[in-house]
Structures are given as structure tokens and as C-alpha cells.
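Tertiary structure, described
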Amino acid sequence: MIMKDTTMRIAVGGIHTECSTYSPVLMQTEDFTVLRDADLTDSPYFGFLSDFDADIAPLLHARAVAGGPVARPVYDAFKAEFLDRLEAAKPFDAVYLAMHGAMFVDGMQDAEGDWIAAIRAAVGPDMMIACSYDLHGNVSQRITDQIDIFAAYRTAPHIDVAETMTAAYAMLIDALTTGQRPGVVRVPVPHLLPGERSATTDEPARSLYAALPAHEGTGIWRTDLMIGYVWADEPRATACAVVTGTDRDAAIAAGAAIARAFWAARDEFAFGPRTGPLAEMLDIAAAATTRPVILADSGDNPTGGGVGDRADVLAALIAQNWQDALVAGITDRAAVMACFAAGTGKTLNLGIGASLDPAGVRVRAQARVLHLHDSPDDAGKQAVLQIGGITLVLAARRRPYHNIADFQALGLDPARVKLLVVKSGYLSPELAPLAAPNLMALTDGVVNQDIPRLSNLHRAAGTLPFDARDSFTPDPQPSARFTG
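Residues numbered from 1 in each chain as written. Predicted model: local features only at pLDDT ≥ 70, side-chain atom pairs only at ≥ 80, totals over all residues. Heavy atoms only, no water.

1. What about the overall build of the chain?
Helix and strand counts for the chain stand at 11 helices and 19 strands. Relative to the globule expectation of 23 Å for 484 residues, the C-alpha radius of gyration of the chain, 23 Å, shows essentially globular dimensions. By its C-alpha atoms, the chain is 70 × 50 × 40 Å across when sized along the principal axes. Within the span of the chain, comprising 484 residues, buried residues form 60% of the whole. (Helix = DSSP H or I, 4+ residues; strand = E, 2+ residues; numbered from the N terminus. Rg over C-alpha atoms; globule rule 2.2 N^0.38 Å. Buried < 20%, exposed > 50% of the residue type's maximum accessible area, 1.4 Å probe, protein only.)

2. Some thoughts on the environment of Arg260
Topologically, Arg260 is positioned in helix H7 (residues 248-264). Given a relative accessible area of 45%, Arg260 falls into the partly exposed group. Taking the C-alpha atoms as reference, Arg260 lies 48 Å from Gln320; in sequence the two are 60 residues apart.

3. Let's talk about the packing of aromatic side chains
Within the structure shown, the criterion is met by 14 aromatic pairs. For the ring pair Phe52 and Tyr169, a centre distance of 5.1 Å and an interplane angle of 75° mean the geometry is edge-to-face. Note that Phe52 is positioned in the loop between helix H1 (38-42) and strand S3 (55-64) and Tyr169 in helix H5 (residues 161-178), a separation of 117 residues in sequence. Residue classification places Phe52 among the buried residues on the basis of a relative accessible area of 9%. Accessibility expressed as a relative area gives 0% for Tyr169, which makes it buried. Note on Tyr75 and Trp115: the rings are 5.8 Å apart at their centroids and 55° apart in plane angle, and the pair reads as tilted. Here Tyr75, found in helix H2 (residues 72-89), pairs with Trp115, found in helix H3 (residues 111-123); they are 40 residues apart in sequence, far enough to count as distant. By the burial criterion, Tyr75 is buried, and Trp115 matches it. Of the aromatic side chains, those joined through ring pairs into one cluster are Tyr45, Phe46, Phe48, Phe52, Tyr96 and Tyr169. One residue, Arg197, lies across the ring of Phe271, its end atom 5.1 Å from the ring centre. The ring of Phe340 has Lys381 lying over it, and the distance from NZ or CZ to the ring centre is 5.5 Å. (Phe/Tyr/Trp six-rings, centres within 6.5 Å; stacked < 30°, edge-to-face > 60°. Lys NZ or Arg CZ within 6 Å of the ring centre and 35° of its normal.)

4. A closer look at the confidence of the model for the chain
When pLDDT is averaged along the chain, the result is 97, and 99% of the positions lie at 70 or above. Here residues 1-5 is modelled with pLDDT under 50, and outside its nearest four sequence neighbours on either side it reaches 15 contacts, counting other chains as well. (pLDDT = per-residue confidence, 0-100. Contact = heavy atoms within 4.5 Å.)

5. Quick word on the sheet that holds strand S14 (residues 363-373)
The sheet built from nine strands is open, its strands ordered S10-S18-S11-S17-S12-S16-S15-S14-S13 with mixed pairing. In this open sheet, the two strands that pair with only one neighbour each are strand S10 (274-276) and strand S13 (347-352). On average, each strand axis in the sheet is tilted by 30° relative to the strand beside it, whichever way the strands run. Looking at chain direction, strand S11 (residues 293-297) and strand S18 (residues 438-441) are connected through four bridges and run parallel. Paired with Ile294 across the bridge in S18 is Asn438. Along the sheet face, helix H10 (residues 333-342) touches strand S12 (323-331), S13, S14, strand S15 (382-387) and strand S16 (389-395) and points at about 170° away from the line of S13. (Pairing = 2+ DSSP bridges. Axes fitted to C-alpha atoms, helices over the stretch in contact; angles between N-to-C directions.)

6. Focus on the pattern of salt bridges
Using the criterion set out here, one finds 25 salt bridges in the structure. Across the pair Arg236 and Glu234 runs a salt bridge, and its minimum N-O distance is 2.9 Å. An identical accessibility class is assigned to Arg236 and Glu234; each is buried. Put simply, Lys423 and Asp300 hold a salt bridge, and the shortest N to O gap is 2.9 Å. Within this pair, whereas Lys423 is found in the loop between strand S17 (419-422) and S18, its partner Asp300 is found in the loop between S11 and helix H9 (312-319), the two being separated by 123 residues in sequence. Members of the salt-bridge network, linked through shared partners, are Arg36, Asp37, Glu81 and Arg85. (Salt bridge = Lys/Arg side-chain N within 4 Å of Asp/Glu carboxyl O.)

7. Focus: the sheet that holds strand S8 (residues 220-226)
Spatially, the four strands line up as an open sheet ordered S8-S9-S7-S19, and their pairing is antiparallel. In this open sheet, the two edge strands, each paired with only one partner strand, are S8 and strand S19 (477-478). Pairing of strand S7 (residues 183-189) with strand S9 (residues 239-245) involves seven bridges; the strand directions are antiparallel. From the neighbouring strand, Val184 faces S9, where its bridge partner is Thr244. Here H5 sits on the sheet and contacts S8 and S9; the angle it forms with S8, its principal contact strand, is near 150°.

8. As for the nonpolar core
Within the largest apolar cluster, 56 residues are counted, with the highest numbers of intra-cluster contacts made by Ile10, Val12, Phe46, Tyr96, Tyr169 and Phe262. When residues of this core are assigned to their parent elements, the largest contribution, eight residues, is made by H5. Within the second largest apolar cluster, 44 residues are counted, among which are Ala57, Val74, Leu97 and Ile116. (Core = buried A, V, L, I, M, F, W, Y, C linked by side-chain atoms within 4.5 Å.)

9. Topic: H5
With 18 residues, H5 extends 26 Å between its outermost C-alpha atoms, agreeing within 8% with the 26 Å of an ideal straight helix rising 1.5 Å per residue. Phi for Gly179, located one or two positions after H5, is positive at around 85°. (Expected span 1.5 Å × (residues − 1).)

Written as C-alpha cells, this is what we have:
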């Protein structure tokens, strides 16, 4: 615990989501889980705050599963409420923001830049602002020009969320306690990768991230490597190194070194699991003698910004008369409600898929209702169906099935089936140990892995893999606030 004068007071909040600009499905207010006041400080997500002897001014924290662009009125309402709460919470000594960094608002570029700039304007030039980010966030110079402290996840899959949030907050407390004024340096690297090619469980990302702490020491508080978010076609989309410290020259040197190391490894990044077209992956799964084979439907992964409503894989399994397969899940509220209307044990002719994005794949099948998972609101309802030898999970709301508890809540055991299909990229830490083997299908969707073919209208010229590029010289960009 870091001890301090108990008059120290920190305003805490933020907005956290990731948005594919290729998705036609706008995020609405109901897509967000919103924490306000005591709900924020009581949330396990912010449990680390109690480890510090500081008073908290809880504001608002809005968090949503990755998806399409946030509808502009939704963003404007959250921002206005946040700023109102920020004003009402005064006086306080500093601001901590728990962000993701890859939010896109319909009709706006650099949404986090807009959000953080508004906070800077509200608190003035002297107050410190600290941020924690997902390593798949896109960090613009507008963002770093507003902040004093930065920390990002160093793992993908993300198993260091609490550790990262704690690190950002601890640096803020330390700065307030000691009177030091840290600053931030950003070093953009013109290269974008999907998360599926840059998992920190695999090389070269594993070694690149393991090397970060070696740059830290006197004058360097924190070093981060941002992979960026590739499915956002906007000018700020890029990888970058971000360094927090009190020694400006040392931070510039550390950032440049991290950027050079990432660039030098650019051709080494590859998919971790066995990867290929859907038909090929299903052939491998059929021939497997171990179980469960876990197949990731990568192009429609909701945690990467996919819509989550495509039935491509289900259609292929039905066509091949697959037995002992579990598909979890497909978002289709109308189908879920039809199952509830029919009741458990009933069989109905059901249209499934493309419920949110009409460009997706839809199937029609005879389905028997095995289980209905009720919820106080329709959005939380789920249905488990049987289609031949296939067990299918339908959800009324966009969501992943990446944790064992997701299956247990429905009376399902993912370890017992021959084939488990999940909408995912790299597998979650809970599912990965079960996979025997882990396969990833290069499926269609708004987060498909055919990156060079994505529409590229707004990214900076010369960004790999959209443009050819053979050389790179780091150009460190200190925050306008960093004068140390």
C-alpha cells in the first residue's frame, strides 16, 4: 500500500470499447455496462483502488464488448454526463482514466482524443491525468499531448488487466506524493497487425514484451508497446511505443529502441494456431483422434469487433452432417425469442443468423429446443438447440463464449465434445488449455484476417501491410506537456 495524506483525492472513470469501422451495426446505450458512483468503487474491476490510501471521486465508466462504431448521440450523452460528474466532483487532485483506446464514434475521428481533450479542458493545464489502455488501442499525438502517465496491457490474451490498471494508478499516486512531473513520449511505427498474429504467447511478441522492463529505471517509469487496432480505418491507426518518465531524453531513447525492435521483427509475426480456410480446418477436425478440437471462427469474433451473427460455420457443419459438435454462439434475438415462445422440448423451423448485419450468412433448420436460459430483460436471454448432431447456443445480445462459466450456466461441458466452435481469434486463457488441437478458420466478417484487402481510405500513407515499405526511422514525439 502507498501511504499518503488522506486529503489526496482522485477522480476515476472512463470509456472502454473497441470498434471495427467495417461493421454496419452501431453500438447503442444498451450495449454498455455503466458504473456510476459506488457501483464503480465496489466493482471488482476497480478493486485495486482499495490498495491505495487515497480518496476516490467515482465518476462514470462505460464498457462494452467490442463491436461497430458507437452511435454519435450515445457517445455525446456519455461524454456530457462524464463532464458533468467531473465538475460536480471538484475539488480533486488528479484524474485516472480506464480506457481501451480503439473506440470509433460514428462521424468522428480519434474518439479517445476527443474524450481526453475535453477532460483536459475541464481540469486545466496543471492537473495530472493518467490512463490505462489495451495494447490494441490506437494512440494519437492528440491523446499523449493531454496526459502525463500511460500504461498498457503487456499480454494478449489479456491476463494483466488489473496489473496494468494498478501500474497506471500507482504512478499517479507516486507523482502526487513525491511532486515529480512525469511525461509521455510516443513513437509511431507504420505497421498494423491483427491480434491473432501478435499474441504474446508466441514469438516474436513474447520476447518483445518481455524486454520492455529492461528499458525502465532512473527517469523511465514505464515502457509500452502498442500493437494498435487494425480494423479501424482512421489516421491514428498505427503501432507505437509509449514511454512514461521524468527524463525526456531517456524516454525518447527508450521509445526509439522499442520502436526499432518492433520494426526489425515485422516479418516474424504469424498466426499461433493452425490456420486456414474453413473447409480445410473442418477436414482436420474430422480426422482428429483427440478432443475437443476447438475451432475459432475468426472473422466474426465479437471480442475483436465482429458482429457475432454469422452462420457460416453452422451452415458448413449442417451440410457435412457433423456429429458431436457444439457451436457457441450466434447472436439472433428473434430466433431466441421464437425458442422461448415455443418452449423447451419443442421443434421448430428456425431461421438463424444475419440478424444484425444482412450481409452475413443465414441458415434455416429444424431445431429442437434443449434449454432456455431466462433473464430479467430480453437481451440476456439464451437458447440451446439441437440440430441433428450439432448443439447450438443462441444469444439475444452480442457476446462471446470464452469462459468455462459461460458454458456451465447453460448446462454444457466444452471439454466433452468432439468439436467446439467459438467466435474468437486467439483462444481465451480458459479455453486454450482444453484445445486438442486449436484451429482457426479464416472466415468472412467485419474483422476478417485478410488485412491487405481491407478498405484503406484514412490510414497514414506508408503503413504496412496496406502500402509497401522497406525502411523506417523512429521519430519520437514527446507530449506537449513533457518538458522534463
